[in-house]
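# Commentary on secondary and tertiary structure
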Amino acid sequence: MKRIFSTLLSRSLVLACLSSAFVSCDAIYDDDLPPCTTETRLLFRYDYNMKYADAFPAEVNSLRIWAFDKQGRPVWSDTRSGAELQEKEFYITVPLEPGTYDFVAWCGLDGNEESFSLLNPSPADISDLSVDMLLKGGSRADDTPSLFSDAKFSGLYHVLRKDVVISRNPDANETHEVELSLTKDTNYIKVLLQNLDGSEMKKDDFSIFITADQAGFSHDNMVKQAPEVFRYEPWLVTSGATSLPEGETSSEGTQTSVSSVLAELSTSRLMADARSYLTVVRNSDNQTIIRVPFIQYLLLVKGNYRPMADQEYLDRQDDYSLTFFIDKNYNWYSKIGIYINSWHVVPQQDTPLQ
């Protein structure tokens, strides 16, 4: 009885194997079976931030992507926008033949039309693909830069993924996933001037700006030189007074309220090797009271976060707040230091950063 059962089992296994062979994708005995397919999906992520969490569904509202062959020639492009980008696992299926490709994508160009311009939407070569920041121009009575940007930027993101291999397996249905991790190219800057003696400060008392000479991005997200040095100017300046809690006084020991001026600015990608300066001018006599190397000051607090290279910190962090204290003569009281992203910093007084 056991021999009969064993023989029947062996025959069943053989028949099962033969049956599976005849239902493979390339079965030549049944024309009704579909061929095997290999699907390549591009998955988009924005976790290159200080939270180390994917913020793509919450922040990205538009997408443009291009594929280039290894000779740099465009072979495919696509655009997406709207609700589909808010899906938790958003991906695009790539309809490309087997080969090796480079992919370039910019996200957030829609909504930034007054701030950034996509050059050559149908490029002949990968090097033709770039984005320019739109600068305004105007003559000035003094020798300050004539080009400026006072726009409020929406989030702009970029990714370049090189040497992506797309293949086909004729004997199985497969799905290949390729992750595209975005870098954010825009920043939100807050500059707060706060008094020490309780005197009122008005928003027109100061001019606050950041000078830079890099605007726009090449296909690999490297910043491009601007025609000349330009200024990032605030898109909003406000002033106001805040009452101190009952029983508390300021460092001066008498005042019960604090007056402040807040300037809000947008900048494009910040580079660790850039020469950029934050400047505050006292408008009553056109006197510069603050001029500090902007990038180097931002990096003063990098050590309070996870260990990382300077450029990684600047790319992950997209929100900066700097607080300066102003004395009764509307000068910067530098001895008290500054606050950068809530971290207290007292720069060396005798050796200014350059």
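Described below are features of the structure shown in this document. These figures come from a predicted structure and were not determined experimentally.

### Observations concerning the overall build of the protein chain
A tally of helices and strands in the protein chain yields four helices and 22 strands. If you take every contact in the protein chain between residues at least 6 apart in sequence, the share linking residues at least 24 apart comes to 68%. Split by element, the accessible area of the protein chain, about 18,900 Å² in all, is 49% carbon and sulfur.

### Overview of the nonpolar core
In this structure, Trp-106, Leu-193, Phe-206, Leu-278, Phe-294 and Phe-324 are the most contacted members of the largest nonpolar core, which totals 58 residues. Contacts of Leu-278, omitting those with residues within four sequence positions, involve Val-191, Ile-208, Phe-209, Ile-210, Ile-290, Arg-291, Val-292, Phe-294, Leu-322 and Phe-324. In terms of nonpolar packing, the next biggest core, distinct from the first, is built from 26 residues, Phe-56, Leu-85, Val-94 and Ile-166 among them.

### Re the packing of aromatic side chains
How two aromatic rings sit relative to each other is set out by the distance from centre to centre and by the angle between their planes. One pass over the structure, following the stated rule, counts 15 aromatic pairs. Taking the centre distance of 6.1 Å and the plane angle of 70° together, the rings of Phe-325 and Tyr-339 count as edge-to-face. Residue Phe-325 is found in strand E20 (residues 319-326), and its partner Tyr-339 is found in strand E21 (residues 338-340); the two are separated by 14 residues along the sequence. Among the residues examined, Phe-325 registers a relative accessible area of 10% and is labelled buried. For Tyr-339, a relative accessible area of 33% gives the class partly exposed. Aromatic rings pair up to connect Tyr-305, Tyr-313, Tyr-320 and Trp-343 into one cluster. Stacked on the ring of Phe-209, the Lys or Arg Arg-231 has its end atom at 3.7 Å from the ring centre. In this arrangement the basic side chain of Arg-291 is found over the ring face of Tyr-277, its NZ or CZ atom lying 3.9 Å from the centre.

### Describing the pairing of strand E15 (residues 223-232)
The pairing of strand E9 (residues 147-149) with E15 spans three bridges and is parallel. Bridged to Leu-147 within E15 is Phe-230. Pairing of strand E14 (residues 206-217) with E15, which is carried by five bridges, proceeds in the antiparallel orientation. The partner of Phe-217 across the bridge, within E15, is Val-223. Count of turn residues in the E14/E15 antiparallel hairpin: five residues, of which Asn-221 carries a positive phi of about 75°.

### A short note on the side chain of Gln-317
Here Gln-317 lies in the loop between helix H4 (310-316) and E20. Relative accessible area serves as the criterion here: at 9%, Gln-317 is assigned to the buried category. Setting aside anything within four residues of it in sequence, one finds Gln-317 in contact with Met-50, Asn-187, Tyr-305 and Asn-341.

### Side note on the pattern of salt bridges
As a working rule, side chains carrying opposite charge can pair if their charged atoms are close by. Under the criterion given, the structure shown has 16 salt bridges. Residue Glu-59 is joined to Lys-184 by a salt bridge in which the shortest nitrogen-to-oxygen separation is 3.6 Å. Of the two residues, Glu-59 is situated in helix H2 (residues 56-59) and Lys-184 in strand E12 (residues 183-184); the sequence distance between them amounts to 125 residues. Given the relative accessible area of 34%, Glu-59 is considered partly exposed. The class for Lys-184 is buried, based on a relative accessible area of 13%.

Each value, and the rule that gives it
- Residues numbered from 1 in each chain as written.
- Predicted model: local features only at pLDDT ≥ 70, side-chain atom pairs only at ≥ 80, totals over all residues.
- Heavy atoms only, no water.
- Helix = DSSP H or I, 4+ residues; strand = E, 2+ residues; numbered from the N terminus.
- Contact = heavy atoms within 4.5 Å.
- Areas by Shrake-Rupley, 256 points an atom, 1.4 Å probe, with all protein chains shown as cover.
- Core = buried A, V, L, I, M, F, W, Y, C linked by side-chain atoms within 4.5 Å.
- Buried < 20%, exposed > 50% of the residue type's maximum accessible area, 1.4 Å probe, protein only.
- Phe/Tyr/Trp six-rings, centres within 6.5 Å; stacked < 30°, edge-to-face > 60°.
- Lys NZ or Arg CZ within 6 Å of the ring centre and 35° of its normal.
- Pairing = 2+ DSSP bridges.
- Salt bridge = Lys/Arg side-chain N within 4 Å of Asp/Glu carboxyl O.

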